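Descriptive analysis of the structure
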Amino acid sequence: LTRIELFSTRFLYEPAKYPESKSAVRHFESVFGAERDNRDFCSFGFEPNPAHRARHLELQSVYRRMKWMYQPIFAGVSDVRGNITFYHMHDSGSMEFGFNSLRTWNQRGMQGEAEVVPVIRLADFLEEIRDRRIPRPFGTYDRPKVVMKMDAEGMEYIILRDLVTSGA
């Protein structure tokens with residue numbers, strides 16, 4: 001029974017690496033158990049920031065060798081499909097955590113540099129994956145479980161409204 005997830009993949013697959021993230025680790029343990037077989041999961045991660053592409057591809061390669069299913073999708077999510085302007089805030093060095101859809105001032109008093117990135121409608125994506133075949137589990141699950149963790153760079157409310165009104 002493969003779970004189709006959208007959240008911080010590493011909290012699920014490698015919780016020991018995040019001892020300070022007690023609430024996320026505790027939540028995943030309550031849903032999936034502390035002892036779990038990571039081959040039972042399929043995780044999707046949306047990443048609009050091109051600066052993070054190489055890291056996601058590296059994780060995908062490492063996880064694939066372990067038979068863990070992780071699919072990075074290099075786009076943002078929204079309530080529409082198309083393109084949107086994001087801004088590089090050039091904060092936190094190469095990590096660039098401030099890359100978002102809001103043009104604001106960074107810590108050094110500079111406005112962000114614009115970059116147009118693709119976005120997909122999350123409701124459409126969820127509809128597309130809804131009927132995927134669920135293979136036999138490796139672990140001890142009795143039914144599929146779905147969890148979604150969303151960090152949509154300030155667009156959470158418009159996406160949630162679209163998910164509710166679309167029935168996704």
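Description of the structure in this document. (Residues numbered from 1 in each chain as written. Predicted model: local features only at pLDDT ≥ 70, side-chain atom pairs only at ≥ 80, totals over all residues. Heavy atoms only, no water.)

1. Looking at the pairing of strand β2 (residues 41–46)
Regular strands place side chains that alternate from one sheet face to the opposite one. Among the six residues of β2, six are classified as buried, and the element is accordingly described as predominantly covered. Residue alternation in β2 divides its side chains into two sets, F41, S43 and G45 and C42, F44 and F46, and both sets are buried. Of the strand pairs in this sheet, β2 and strand β3 (residues 69–73) are connected by five bridges, and their pairing is parallel. Within the sheet, the bridge partner assigned to F46 lies in β3 and is I73. (Buried < 20%, exposed > 50% of the residue type's maximum accessible area, 1.4 Å probe, protein only. Helix = DSSP H or I, 4+ residues; strand = E, 2+ residues; numbered from the N terminus. Pairing = 2+ DSSP bridges.)

2. Re the packing of aromatic side chains
Applying the stated criterion across every chain yields a total of seven aromatic pairs. Centroid distance F44 to F125: 5.2 Å. Interplanar angle 80°. Geometry classified as edge-to-face. Of the two residues, F44 is situated in strand β2 and F125 in helix α4 (residues 122–129); the sequence distance between them amounts to 81 residues. Of the two residues, F44 and F125, neither departs from the other in class, the shared state being buried. An aromatic cluster of at least three residues, connected via ring pairs, comprises Y13, Y63, W68 and Y70. In this structure, R53 is placed above the aromatic ring of F74, and the distance from its NZ or CZ to the ring centre is 4.1 Å. (Phe/Tyr/Trp six-rings, centres within 6.5 Å; stacked < 30°, edge-to-face > 60°. Lys NZ or Arg CZ within 6 Å of the ring centre and 35° of its normal.)

3. Quick notes on the nonpolar core
Ranked by internal contacts, the top residues of the largest apolar core, which has 15 residues, are F46, V77, L122, F125 and I159. Broken down by element, the residue count for this core peaks at four residues, all from α4. In this structure, F32, F41, L59 and Y70 belong to the second largest nonpolar core, which totals twelve residues. (Core = buried A, V, L, I, M, F, W, Y, C linked by side-chain atoms within 4.5 Å.)

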